[in-house]
Amino acid sequence: MALDEKPVVVPHDPAWEAGGRDLCARLAAALGPSALHVDHIGSTSVPGMDAKDIYDVQVSVADLDAAADAFEAPLAALGFVRSPYLRDHVPAGREDREDPADWAKRYWSRRTADAPRVNLHVRRAGSPNERLALLFRDWLRATPEAVPAYARFKYVFAGAVADTGTYADVKDPVVDLVGVVAEQWAERTGWHPHP
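In this report, the structure presented in the accompanying data block is examined.

Criteria and cut-off values
Residues numbered from 1 in each chain as written. Predicted model: local features only at pLDDT ≥ 70, side-chain atom pairs only at ≥ 80, totals over all residues. Heavy atoms only, no water. Helix = DSSP H or I, 4+ residues; strand = E, 2+ residues; numbered from the N terminus. Expected span 1.5 Å × (residues − 1). Phe/Tyr/Trp six-rings, centres within 6.5 Å; stacked < 30°, edge-to-face > 60°. Buried < 20%, exposed > 50% of the residue type's maximum accessible area, 1.4 Å probe, protein only. Salt bridge = Lys/Arg side-chain N within 4 Å of Asp/Glu carboxyl O. Contact = heavy atoms within 4.5 Å. Pairing = 2+ DSSP bridges.

### Regarding helix α1 (residues 15-31)
- The end-to-end C-alpha separation of α1 is 24 Å, in line with the 24 Å expected for 17 residues at 1.5 Å each.
- Immediately beyond the C-terminal end of α1, within one or two residues, lies Gly32, with a positive phi of roughly 75°.

### Digging into the packing of aromatic side chains
- Taken as a whole and assessed by the stated rule, the structure comprises 6 aromatic pairs.
- Residues Phe157 and Tyr167 carry aromatic rings whose centres are separated by 5.1 Å and whose planes lie at 20° to one another, so their mutual orientation is stacked. Taken together, the residues span a long stretch of sequence, with Phe157 in helix α4 (residues 147-160) and Tyr167 in helix α5 (residues 164-189) at a distance of 10 residues.
- Residue classification places Phe157 among the buried residues on the basis of a relative accessible area of 9%.
- An aromatic cluster is defined as three or more aromatic residues linked by ring pairs; in this entry it consists of Phe136, Tyr150, Phe153, Phe157 and Tyr167.

### What to know about the pattern of salt bridges
- One pass over the full model with this rule turns up 11 salt bridges.
- Between Glu5 and Arg111 there is a salt bridge, with its nearest N and O atoms 3.8 Å apart. Separated by 106 residues along the polypeptide, Glu5 in the segment before β1 (9-10) and Arg111 in the loop between β6 (105-110) and β7 (118-124) bring together distant segments of the chain.
- The exposure class of Glu5 is partly exposed, given its relative accessible area of 22%.
- Close ionic contact of Asp102 with Arg124 constitutes a salt bridge, the shortest N to O distance being 3.5 Å. Here the residue Asp102 occupies a position in the loop between β5 (81-83) and β6, and Arg124 occupies one in strand β7, the gap between them amounting to 22 residues.

### Quick look at the environment of Leu132
- With respect to the helices and strands, the residue Leu132 is situated in helix α3 (residues 128-142).
- We classify Leu132 as buried; its relative accessible area is 15%.
- The spatial distance from the C-alpha of Leu132 to the C-alpha of Glu183 is 8.9 Å, given a sequence separation of 51 residues.
- Sequence-distant contacts of Leu132, defined by excluding residues within four places in its chain, comprise Pro91, Trp103 and Gly179.

### Overview of the pairing of β7
- Taking burial as the measure, the 7 residues of β7 include 6 buried ones, the bulk of the element.
- With 7 bridges joining them, strand β4 (residues 55-61) and β7 adopt parallel strand pairing. Within β7, the position partnered with Gln58 by the bridge is His121.

Next up, the structure:
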């Protein structure tokens with residue numbers, strides 16, 4: 001992610017659903033069997049959600065280092081650039097209960113003029129950060145009454161910060177709060193990632 005670009009939230013585009021599905025299929029084909037799951041996540045994956053016009057995709061793998069090595073060439077051929085981010089934010093209240101290594105990831109982005117913009121998160125299958133990304137998406141999909149409130153927060157917040165780095169840092173506590181409610185929903189409904 002280009003941390004110095006101004007975050008811009010735009011109205012929901014119904015084409016994001018099909019675009020995300022096509023993008024995930026192309027990535028799965030390019031990355032091969034090391035990509036255990038390729039999922040459209042983030043705000044563009046939620047029906048009706050206003051969002052930054054950037055797809056977030058999560059690739060679940062068995063081994064982060066092996067996947068990073070194997071993915072470098074095929075992702076570069078698709079216009080992706082690897083970034084130095086090696087870990088996700090650990091949600092508040094979980095820092096002392098979980099190993100920070102469980103929140104490791106590898107990250108690429110694509111910002112070319114001839115293809116959709118993408119943030120590509122590679123996470124270990126079964127890790128808490130892989131689970132949280134899917135839970136956040138699925139809870140919002142199952143709770144459409146929360147979508148306008150979260151979108152409003154993003155509009156106000158994007159207008160108040162100068163860059164996406166600050167946007168991501170300050171958005172984390174809100175995601176933490178949603179995560180608490182989403183975990184309760186998961187327990188109540190029996191939700192599991194990749195059922």
